[in-house]
Amino acid sequence: MKKYLFSLALFGFVGVAHAQQTIVESLQTKRSGEGVVRIYQDARIAELIGSRFVAGEAEPSQKILKARGFRVQVYAGNNSRVARNEANAVAEKVKEEFPDMPVYTYFQPPRWLCRVGDYKSIEEAHAAMRRLHESGNFKETTIVREQINISIE
C-alpha cells in the first residue's frame, strides 16, 4: 500500500513539474525515439512567453490590469466579410480623428464590433461619446459595459 501511494505521489509531482514548463522548455526536452529541437533566440523572447500583450495597447514593460468598465460602441455588423471590412474601416477612421482613444475591433459571435476607449466610469464614456458625435462621422454610438484594460506604469 505504501509503494502504491508513493508511486501515485511521484507521478502527481512529475505531472505538476511537467505542466509548469514553457513551450520552449517542452520543445527542447530530449525524449527517446524523438528528434532534437534547438531554438536560438534572445533570452527576452523566452521571458515574454506566457505573458499577455495586445499590440497597440501598451508598452511591454507596462502592466495591464483587467477591470469592469465602459466602452463606446461605434459599429456593430453581422458575421460577413463585408461587416469585418466595415468594422476595420470605422476603426481606422476613429484612429485618424481621435488618436488618443484606444480602438478595439473584434468578432463576438454573431457580429463584428468596433468599440472605443477604456473608461472606468459611465461619465467618462459619455464624454467620449459626445466627442464622437460632435465629429459628425459617428452617429450610432452607444455605451456598453465591458471588461477594460487599465495600464499601470
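Residues numbered from 1 in each chain as written. Predicted model: local features only at pLDDT ≥ 70, side-chain atom pairs only at ≥ 80, totals over all residues. Heavy atoms only, no water.

Novice: Sorry, what's going on with the overall build of the protein chain here?
Specialist: Counting secondary structure elements, the protein chain contains five helices and four strands. In sequence order, the secondary structure elements of the protein chain are arranged as α-α-α-β-α-β-β-α-β. The 153 residues of the protein chain split such that 24% are buried. In the protein chain, of all internal contacts separated by at least 6 residues, the share reaching a separation of at least 24 is 68%. Accessible area for the protein chain stands at about 11,500 Å²; split by element, carbon and sulfur atoms hold 55% of it. (Helix = DSSP H or I, 4+ residues; strand = E, 2+ residues; numbered from the N terminus. Buried < 20%, exposed > 50% of the residue type's maximum accessible area, 1.4 Å probe, protein only. Contact = heavy atoms within 4.5 Å. Areas by Shrake-Rupley, 256 points an atom, 1.4 Å probe, with all protein chains shown as cover.)

Novice: When you look at the nonpolar core in this model, what are you seeing that I'm missing?
Specialist: For soluble globular proteins, nonpolar side chains are generally found buried alongside one another. If you look at the biggest cluster of nonpolar residues, it comprises 21 residues, and the most contacted ones within it are Val72, Val74 and Tyr119. Residue contacts for tyrosine 119: discarding those within four places in its chain leaves Gly69, Phe70, Arg71, Val72, Met101, Glu124, Ala125, Ala128 and Ile148. (Core = buried A, V, L, I, M, F, W, Y, C linked by side-chain atoms within 4.5 Å.)

Novice: Please explain the sheet that holds strand 2 (residues 103–108) as it appears in this structure.
Specialist: Strand pairing in a sheet relies on backbone hydrogen bonds. The paired strands run either parallel or antiparallel. Spatially, 2-3-1-4 is the arrangement adopted by the four strands of the open sheet, whose pairing is antiparallel. Looking along the sheet, the strands with just one partner apiece sit at the ends: strand 2 and strand 4 (142–152). With direction set aside, neighbouring strand axes in the sheet form an average angle of 40°. By the bridge criterion, six bridges tie strand 2 to strand 3 (residues 111–119) in an arrangement that is antiparallel. The residue of strand 3 that forms the bridge with threonine 105 is cysteine 114. Where helix 4 (residues 81–97) meets the sheet, its contacts fall on strand 1 (63–76), strand 2 and strand 3, and the angle it forms with strand 3 comes to roughly 25°. (Pairing = 2+ DSSP bridges. Axes fitted to C-alpha atoms, helices over the stretch in contact; angles between N-to-C directions.)

Novice: I tried to follow helix 4 on my own but got confused; where do I start?
Specialist: Two residues of an α-helix separated by three or four positions point the same way, owing to the 3.6 residues in each turn. The terminal C-alpha atoms of helix 4, which comprises 17 residues, lie 25 Å apart, in line with the 24 Å expected from a rise of 1.5 Å per residue. If you follow the buried residues of helix 4, they end up packed against strand 1, strand 2 and strand 3. (Expected span 1.5 Å × (residues − 1).)

Novice: Help me out: how do you make sense of the packing of aromatic side chains in this one?
Specialist: Between two aromatic rings, the relevant description is the distance of the centres plus the angle of the planes. Per the stated rule, a full pass over the model turns up one aromatic pair. Plain terms: the ring middles of phenylalanine 107 and tryptophan 112 are 5.3 Å apart, the flat faces sit at 50° to each other, and that makes the pair tilted. Here phenylalanine 107 falls in the partly exposed class, since its relative accessible area comes to 37%. The aromatic ring of tyrosine 104 is capped on one face by arginine 71, whose charged end is 3.7 Å from the ring centroid. (Phe/Tyr/Trp six-rings, centres within 6.5 Å; stacked < 30°, edge-to-face > 60°. Lys NZ or Arg CZ within 6 Å of the ring centre and 35° of its normal.)

Novice: Would you explain the side chain of asparagine 149 in this entry?
Specialist: The topology assignment puts asparagine 149 in strand 4. One polar contact links asparagine 149 to lysine 66, side chain to side chain, over a distance of 2.6 Å. Among the polar contacts listed, one links the side chain of asparagine 149 to the side chain of tyrosine 104, at a separation of 3.3 Å. (Polar contact = N/O pair within 3.5 Å; in protein donor to acceptor, adjacent residues only side chain to side chain.)

Novice: Looking at this structure, how should I read the confidence of the model for the protein chain?
Specialist: Atomic detail in the predicted coordinates should be set aside for any region of low pLDDT. Taken as a whole, the protein chain shows an average pLDDT of 82; of its residues, 78% reach a score of 70 or greater. Per-element averaging of pLDDT across the protein chain places helix 1 (residues 2–19) at the bottom with 52 and strand 3 at the top with 95. Taken together, the stretch residues 13–18 has pLDDT below 50 and engages in one contact with residues farther than four places along the chain or on a different chain. (pLDDT = per-residue confidence, 0-100.)

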